[in-house]
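Commentary on secondary and tertiary structure
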Amino acid sequence: QVQLVESGGGLVQAGGSLRLSCAASGRTFSSYHMGWFRQAPGKEREFVAAISWSGGSTYYVDSVKGRFTISRDNAKNTVYLQMNSLKPEDTAVYYCAACTLFSTALYEYDYWGQGTQVTVSS
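Now for a quick tour of the structure. Note that the structure is a prediction, hence the values are computed from the model and not measured. (Residues numbered from 1 in each chain as written. Predicted model: local features only at pLDDT ≥ 70, side-chain atom pairs only at ≥ 80, totals over all residues. Heavy atoms only, no water.)

**Some remarks on the pattern of salt bridges**
For the record, the criterion: In what follows, salt bridge is the name for a side-chain nitrogen of Lys or Arg lying within 4 Å of a carboxyl oxygen of Asp or Glu. To qualify as a helix, a DSSP run of H or I must reach at least 4 residues; to qualify as a strand, a run of E must reach at least 2; elements of each kind are numbered from the N terminus. Three labels apply to residues, based on accessible area from a 1.4 Å probe with only protein chains included: buried if under 20% of the type maximum, exposed if over 50%, partly exposed otherwise in between.
Going through the model one piece at a time under the given rule, you end up with four salt bridges. In this structure, the salt-bridge partner of Asp 90 is Arg 67, at a minimum N-O distance of 2.8 Å. A residue pair is termed long-range when its members are at least 10 positions apart, and Asp 90 in the loop between β8 (78-83) and β9 (92-99) and Arg 67 in the loop between β6 (58-60) and β7 (68-73) qualify at 23 residues. Take Asp 90 and Arg 67: they sit in the same class, and that class is buried.

**Quick word on the sheet that holds β7**
Worth spelling out the cut-off: Strand pairing is assigned whenever DSSP detects at least two bridges linking the two strands. Angles shown run from 0 to 180 degrees and are taken between the N-to-C directions of axes, each axis being a line fitted to C-alpha atoms and, for helices, limited to the stretch in contact.
Reading across from one edge, β1-β3-β8-β7 is the order of the four strands in this open sheet, with antiparallel pairing throughout. Edge strands, defined here as strands with exactly one partner in the open sheet, are β1 (3-7) and β7. Going across the sheet, the axis of each strand differs from the next one's by a mean of 15°, ignoring polarity. Of the pairings in the sheet, the one linking β1 to strand β3 (residues 18-25) comprises five bridges and is antiparallel in character. The partner of Glu 6 across the bridge, within β3, is Cys 22.

**Brief notes about unusual backbone geometry**
Even without glycine at this site, Asn 77 takes up a positive phi of about 55°. Considering the arrangement of structural elements, one finds Asn 77 in the loop between β7 and β8. Positive phi, normally seen in glycine, also occurs at Ser 85, with a value near 50°. With respect to the element layout, Ser 85 can be found in the loop between β8 and β9. Judged by its relative accessible area of 41%, Ser 85 is partly exposed.

**Describing the state of the cysteines**
Note the cut-off: To count as a disulfide, a pair of cysteine sulfur atoms needs to be within 2.5 Å.
What the rule picks out here adds up to one disulfide. Two residues share a disulfide in this structure: Cys 22 and Cys 96, whose sulfurs sit 1.9 Å from each other. Across the disulfide from Cys 22 to Cys 96, rotation about the S-S bond amounts to roughly 50°, and the bridge is consequently right-handed. Of this pair, Cys 22 sits in strand β3 while Cys 96 sits in strand β9, and the two are 74 residues apart along the sequence. Free cysteine: Cys 99, not disulfide-bonded; nearest cysteine sulfur from Cys 96 at 13 Å.

This is the structure:
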């Protein structure tokens, strides 16, 4: 069992930066691949980024490549999402999730956090 708690969301102007954190409970965090997803109002939840259990592999949706960076610290049971050059279209609730597979598919993730709101003003 893994419990996930996101933090770091907020209101930022376009072009600004935020760093999201996701703290995990449980001693098995390092065995899970981790992902970030987001859901904008009226839209389906979508994949943003994923990182392998070791941190050696990462993957991003095209719309955030070059602007967002996913990382993890297994000693701190935490995964991060550094978001730079934010755009109004990045506005959404951001969720972290844990998966036994290195996947971009929402349905393959086993554990989810409650989400943190990111709002980017123009």
